[in-house]
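Chain by chain, the residues run as shown.
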Amino acid sequence: MSDEGGGDAAPCDALSRMDRVRALGEHIARLQARQLREIAACVDRRDPADVAAELALTLTIGDHHARRTVDLAMVLVSRLPSTLAAMETGVLDAYKASKVAEPTAYLPDEKARLVDAILADRLSGKDPGALRQAVNRVVARVDPDGAADRAVRRRAERRVELIHGGDGTAVLRAELPAEVASAAYARVDRIARSLRRHGETRTTDQLRADVLADLLREGHTTTGGSAPRTRAEVFVHVALPTLLGTDDRPGELAGHGPVPARVAREIAFDSTSTWRRLVTDPLTGSLLDVGRARYRPPAATDEFVRVRDHVCRFPGCHRPSRFGDVDHVVAWGRGRNGRTAPDNLVGLCRRHHRLKDVPGWSFRLNRATHRFTVHTPSGLTHGTDPRPLLDPGEHFTTPDPDPPPF
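Residues numbered from 1 in each chain as written. Predicted model: local features only at pLDDT ≥ 70, side-chain atom pairs only at ≥ 80, totals over all residues. Heavy atoms only, no water.

## Quick look at the packing of helix H6 (residues 109–118) against helix H7 (residues 128–142)
Next up, step 1: Contact geometry of H6 with H7 gives a least axis separation of 10 Å together with a crossing angle of 130°. One finds that H6 runs oblique with respect to H7. Like other packed secondary-structure pairs, H6 and H7 cross with a definite hand, here right-handed. Mapping the contact onto sequence places Lys-111, Leu-114, Val-115 and Ile-118 in H6 and Val-135, Val-138, Val-139 and Val-142 in H7. (Axes fitted to C-alpha atoms, helices over the stretch in contact; angles between N-to-C directions. Helix = DSSP H or I, 4+ residues; strand = E, 2+ residues; numbered from the N terminus. Parallel < 35°, antiparallel > 145°, perpendicular 65-115°, else oblique. Left-handed = near helix turned anticlockwise from the far one by under 90°. Contact = heavy atoms within 4.5 Å.)

Structure below.
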């Protein structure tokens, strides 16, 4: 098929095209690395603010964007050489590299270089959200006391901002403790979905926005009829030794990532928290069983899958599984393989759930390992494994504590 022609491309043509797209992305990453090295070289002889001011003019970008670019260039060259090397081989672009730089910004140079060296062979194949979570986990291990202190300081800086936009809209932004924000969003989402089930024609996004506005202005939902009172849930996974205070391994807030042990204990011992026994594999951290008393099996299975998967299992999606669907990978009723069991169920957000029925897409779930594989219309294959419920306590191989800064 020509570039100008209509119709669907044959799978091999589409695959070749996607290969070219990927190759161009790698080439762009290499060019960005060269550009950032040049910017850092300018800072060697000049004040960073002066360089940022000139960069804004040179690239016709805003001052804030220019300052962030200069900061990224300086950090990559002086503190994160392995991350910069990954850009130079096309593994990371500048945006993904920033997801490594941001969580390490408050670390001393020595610890930032240690995080960079530990992650050197773990950067490939991760989307920006997965990169951020991976870096946060290593930062929490390399600097546990600092991570806890930073969490306390950031939580003390919670605030609400009103940012006026165009076309009669504005953004109401709240920076909150992660578990508070997750619980607030969960309540808004449940009310919105309840209204949708009662015949609302507004989209779920519109309903979430309207429900939030109603709750803030009136204290209750006033539009689209009344909604039942809902209880918001967030999943915070904490190892028993951490709860007992015998170690300080981070907890895990589903959809967010690691939280310092001190914060995890505060959440766990809050008077409104509910504890549930979860059995995990001591070597891998994977979920084996969810403690339950009198749940009906379908409800227990649904809960097991949501807790096991943490987030939507579609590659690159980080929407918490409690906001999505539990879906049969092999359609229910297709003989023994279509049964309702954890080895045929996967957590997917509504958008990626619907994608399964679009021609050209197919999903597979490995019954033994629970690896989830997506086959695209272009013939590409992408997969995800269920992330361990808790860090199994892997021991990093400590590299040279003071690698050269390039």
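From this point, the narrative continues.
## Side note on helix H8 (residues 144–156)
Next up, step 1: Between the first and last C-alpha of H8 there are 19 Å, a value that for 13 residues agrees with the 18 Å anticipated at 1.5 Å per step.
Next up, step 2: When H8 is considered as a whole, its buried residues turn out to be Gly-146, Ala-147, Ala-148, Arg-150, Ala-151 and Arg-155.
Next up, step 3: Tucked inside the fold, the buried residues of H8 contact H7, helix H9 (178–197) and helix H12 (261–268). (Expected span 1.5 Å × (residues − 1). Buried < 20%, exposed > 50% of the residue type's maximum accessible area, 1.4 Å probe, protein only.)

## Side note on the environment of Leu-348
Next up, step 1: With respect to the helices and strands, the residue Leu-348 is situated in strand S9 (residues 345–348).
Next up, step 2: With a relative accessible area of 2%, Leu-348 lands in the buried category.
Next up, step 3: Sequence-distant contacts of Leu-348, defined by excluding residues within four places in its chain, comprise Cys-312, Arg-313, Phe-314, Gly-324, Asp-325, Asp-327, His-353, Phe-363 and Phe-372.

## Side note on the side chain of Arg-306
Next up, step 1: One can find Arg-306 in helix H13 (residues 297–309).
Next up, step 2: The exposure class of Arg-306 is buried, given its relative accessible area of 17%.
Next up, step 3: A polar atom in the side chain of Arg-306 sits 2.7 Å from the side chain of Asp-302.
Next up, step 4: Within polar-contact distance, the side chain of Arg-306 engages the backbone oxygen of Gly-324 at 3.1 Å.
Next up, step 5: Among residues more than four places away in sequence, those in contact with Arg-306 are Ser-321, Arg-322, Gly-324, Asp-325 and Val-326. (Polar contact = N/O pair within 3.5 Å; in protein donor to acceptor, adjacent residues only side chain to side chain.)

## A few points about helix H10 (residues 204–218)
Next up, step 1: Look at H10: 20 Å from first C-alpha to last across 15 residues, which is about the 21 Å you get at 1.5 Å a residue.
Next up, step 2: If you check which residues of H10 are buried, you get Thr-204, Leu-207, Arg-208, Val-211, Asp-214 and Leu-215. For H10, the angular spread of the buried residues around the axis is 130°, confining them to a single face. Facing away from the buried side of H10 by more than 90 degrees, the exposed set consists of Asp-205, Leu-216 and Arg-217.
Next up, step 3: Just downstream of H10 lies Gly-219, where phi reads positive at about 85°. (Arc of directions from axis to C-beta.)

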